[in-house]
Amino acid sequence: MDPPFNKILIANRGEIAVRVIRAARELGIETVAVYSDADKDSLHVLLADEAVRIGPPPPKDSYLNIDAIVDAAESTGAEAVHPGYGFLAENPHFAEALEEAGIVFIGPPADVQRRVGRKLDARRFFSSVGVPVVPGTLDPVTPDEAVDAAEKLGYPVMVKPAGGGGGIGMSIAWTPAELERALERASSIAASAFSDSEVYVEKYFPRARHIEVQIVADTRGHVVHLFERECSIQRRFQKLVEESPSPALDEDLRNTVTGYAVKAAASVGYVNAGTFEFLFDPVSRKFYLLEVNSRIQVEHPVTEMITGIDIVKLQLYVAAGEPLPFSQPEIERRGHAFEARIYAEDPLAGFAPSPGVIERLREPSGPWVRVDSGVYEGYEVPPYYDPLLMKIIVWGRTREEARVRMLRALEETRVEGLKTNIAFHQLVFEDEAFIKGELSTRFIQERDIVERLREFRARSRPLPPKRAESKERKGVKEVVDAWKLASRIGF
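First, a word on what this report is: a plain description of the structure on this page. (Residues numbered from 1 in each chain as written. Predicted model: local features only at pLDDT ≥ 70, side-chain atom pairs only at ≥ 80, totals over all residues. Heavy atoms only, no water.)

Within the chain one finds 17 helices and 22 strands. Relative to the compact-globule value of 23 Å for 491 residues, the chain shows a C-alpha radius of gyration of 22 Å, a close match. On the principal axes, the C-alpha backbone points of the chain span a range of 75 × 55 × 45 Å. Going through the 491 residues of the chain one by one, you find that 56% of them count as buried. Pairs at least 24 residues apart make up 68% of the contacts formed inside the chain by residues separated by at least 6 positions. Total accessible area computed for the chain in this model is approximately 20,600 Å², and 50% of it derives from carbon and sulfur atoms. (Helix = DSSP H or I, 4+ residues; strand = E, 2+ residues; numbered from the N terminus. Rg over C-alpha atoms; globule rule 2.2 N^0.38 Å. Buried < 20%, exposed > 50% of the residue type's maximum accessible area, 1.4 Å probe, protein only. Contact = heavy atoms within 4.5 Å. Areas by Shrake-Rupley, 256 points an atom, 1.4 Å probe, with all protein chains shown as cover.)

Following this line, the structure appears as structure tokens:
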């Protein structure tokens, strides 16, 4: 099959940019990286066929600079742009700017992004077509309206920014007094982060599980699901551990939630890859649509491991107008997969970022272990962006086999020179409730994972000491030059 494009630009950085570059290279597609001054020696820059500087470190001046990225695509002759996740991935103005320049956006079109991107609009729409949404308001609320809504819904409730995502600005209120503070906080953060201070109120389910469904749709109206992922292990409403299949679902429940996702995607005219996120209340055994992520997800490798489908390659072909290469009955699920997100952060300091130089690095390997990484030994993790270093993904024939394999992979992993959350993950995967599959979005708090971490000591062996340096001692520059050479010869 011919490549869907000759050259694409990746409008992102870090591990997702590396992931897209690798998929493109396997298809014989040339790649263009973009970078800020802070990322001039990043792995995605070193691996791409070309690289274009787009500005200084602050995201608003570089990775969020639509004009600079469109100019980079035009000047390099890129036929399409993959946005990755975050930054401009769900920005309809970016998709429109590319379309006006005659460049393909590898993702859903701008009109679909608008329909699913703003949470309240999406809640109203999907509720109208028979997809259940979390009980709550369908319009922005004033403080007085929020109090009335909370009394009708019953505490606890969640206050959410109307135009945001990624857990930013969300607050739980267990009492009327907490609701007042939550409204002030959410409105303030929303105005700063999204230039939109409007908020709304939803019922909060303390024992809920976070279940999401991966879908892919082509330009001819065909929609399929690639099963579900469970993402209940979260900090600050942001995911840390993902797995598939969910240990909470039987086949009837699985068919229910995947059916909702396909129905929702078809009703909105969705195109390309996307994720429909649901809350699952184990008490009522009901699903409620939370939001739609109109992009590739951080946790997409979990789905790839159980289905054998390369979602990024599929995105490229769908963006080029090709039909889906399979029907729903042809998609099979095998075994169990986990993903652990390894961040440069300190769980004992409220998961605060820990930028710095990676002095030593050892990534895990072995049977059925995959690492999606954006770093290398000697690389300096900048303070300007999300501190995700790598994702460790494992597969097993059963959930228990995969869990034990993840523990082995975590034990092998070493990152020296900055703080990471590796030990945190070890505690999670060893936790008795986790082993039983007894999860909820409050798992970290209820299982006292952070408090237990204060007394936790990793039981793995340290890295062996480095050899004595020679006179021709290699520094970071030599390491970078080696990566550049490897990139040129097709590494």
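Turning next to the packing of aromatic side chains. Within this structure, the stated rule accounts for 20 aromatic pairs. Relative to Phe276, the ring of Tyr270 has its centre 6.0 Å away and its plane inclined at 65°; by these criteria the two rings are edge-to-face. Note on Phe276: relative accessible area 0%, which makes it buried. Between Tyr376 and Tyr379, the ring centres sit 5.5 Å apart and the planes meet at 50°, which makes this aromatic pair tilted. As far as the burial class goes, Tyr376 and Tyr379 line up, both buried. Taken together, the ring pairs in this structure connect Tyr63, Phe87, Tyr384 and Tyr385 into an aromatic cluster. The ring centre of Phe434 lies 4.9 Å from the NZ or CZ of Arg399, which sits over that ring. (Phe/Tyr/Trp six-rings, centres within 6.5 Å; stacked < 30°, edge-to-face > 60°. Lys NZ or Arg CZ within 6 Å of the ring centre and 35° of its normal.)

Moving on, we get to the side chain of Thr76. Note that Thr76 resides in helix α3 (residues 66-76). For Thr76, a relative accessible area of 11% corresponds to the buried category. Aside from chain neighbours lying at most four places away, what touches Thr76 is Lys7, Val32, Glu50 and Val52.

On to helix α9 (residues 251-267), then. Look at α9: 24 Å from first C-alpha to last across 17 residues, which is about the 24 Å you get at 1.5 Å a residue. Those residues of α9 not exposed but buried are Leu253, Arg254, Val257, Thr258, Ala261, Ala264 and Ala265. Projected onto a plane normal to the axis of α9, the buried residues spread over an arc of 120° and lie on a single side. Buried residues in α9 make contact with α6 (119-128), β9 (209-217), β10 (223-235), β12 (272-281) and β13 (286-293). Just downstream of α9, Gly269 is the residue with a positive phi angle, here 70°. (Expected span 1.5 Å × (residues − 1). Arc of directions from axis to C-beta.)

The next thing to look at is the sheet that holds strand β14 (residues 336-343). Across the sheet, eight strands lie side by side as β13-β12-β9-β10-β11-β14-β21-β19; this open sheet has antiparallel pairing. In this open sheet, the two strands that pair with only one neighbour each are β13 and β19 (369-373). Strand-to-strand twist in this sheet, taken as the mean axis angle between neighbours without regard to direction, amounts to 25°. Pairing between β14 and strand β21 (residues 388-396): eight bridges, direction antiparallel. Bridge pairing in β21 places His336 opposite Gly396. Helix α13 (residues 422-430) contacts β10, β11 (238-244) and β14 of the sheet and is inclined by roughly 150° relative to β14. (Pairing = 2+ DSSP bridges. Axes fitted to C-alpha atoms, helices over the stretch in contact; angles between N-to-C directions.)

In this section: unusual backbone geometry. Only a minority of non-glycine residues have a phi that is not negative, and only a minority of peptide bonds are not trans. With an omega of 0°, the peptide bond running from Tyr155 to Pro156 counts as cis. Within the element layout of this structure, Pro156 appears in the loop between α7 (143-153) and β6 (157-161). With omega at 0°, the peptide bond leading from Ser244 into Pro245 counts as cis. Tracing the backbone through its elements, the reader meets Pro245 in the loop between β11 and α9. Of note in this structure, Asp448 is not a glycine but carries a positive phi near 55°. For Asp448, the position within the fold is in the loop between α15 (443-446) and α16 (449-453).

Turning our attention to helix α10 (residues 300-307). Burial of α10 is extensive: seven of the eight residues sit out of reach of the surface. At the C-terminal side of α10, Gly308 shows a positive phi close to 75°.

With that settled, the discussion passes to the nonpolar core. Ile8, Ile358, Val428, Phe429 and Phe434 are the most contacted members of the largest nonpolar core, which totals 81 residues. The greatest single-element share of this core, amounting to seven residues, is contributed by helix α1 (residues 14-26). When neighbours within four sequence positions are excluded, Ile8 is seen to be in contact with Val20, Ala24, Ile29, Glu30, Thr31, Val32, Ala78, Ala80, Ile106 and Leu316. (Core = buried A, V, L, I, M, F, W, Y, C linked by side-chain atoms within 4.5 Å.)

Let us look at the pairing of β14. Where burial is concerned, most of β14 is hidden: eight out of the eight residues are buried. Here four bridges tie β11 to β14, and the two strands are oriented antiparallel to one another. Its bridge partner lying in β14, Glu243 is registered against Phe338.

Pairing is antiparallel across the open sheet formed by three strands, whose spatial order is β7-β6-β8. Two strands bound the open sheet, and with one partner strand each, they are β7 (171-173) and β8 (199-203). Adjacent strand axes in the sheet meet at a mean angle of 30°, parallel and antiparallel pairs treated alike. Relative to β8, β6 runs antiparallel, the two being bridged by five bridges. What sits directly across from Val157, in β8, is Lys203. Across the sheet, α7 lies against β6 and β8, angled at about 10° from β8, the strand it touches most.

Quick look at the side chain of Ser232 now. With respect to the helices and strands, Ser232 occurs in strand β10. A polar atom in the side chain of Ser232 sits 2.8 Å from the side chain of Glu230. Those residues in contact with Ser232 that lie beyond four places of it in its chain are Arg209, His210, Leu439, Ser440 and Thr441. (Polar contact = N/O pair within 3.5 Å; in protein donor to acceptor, adjacent residues only side chain to side chain.)

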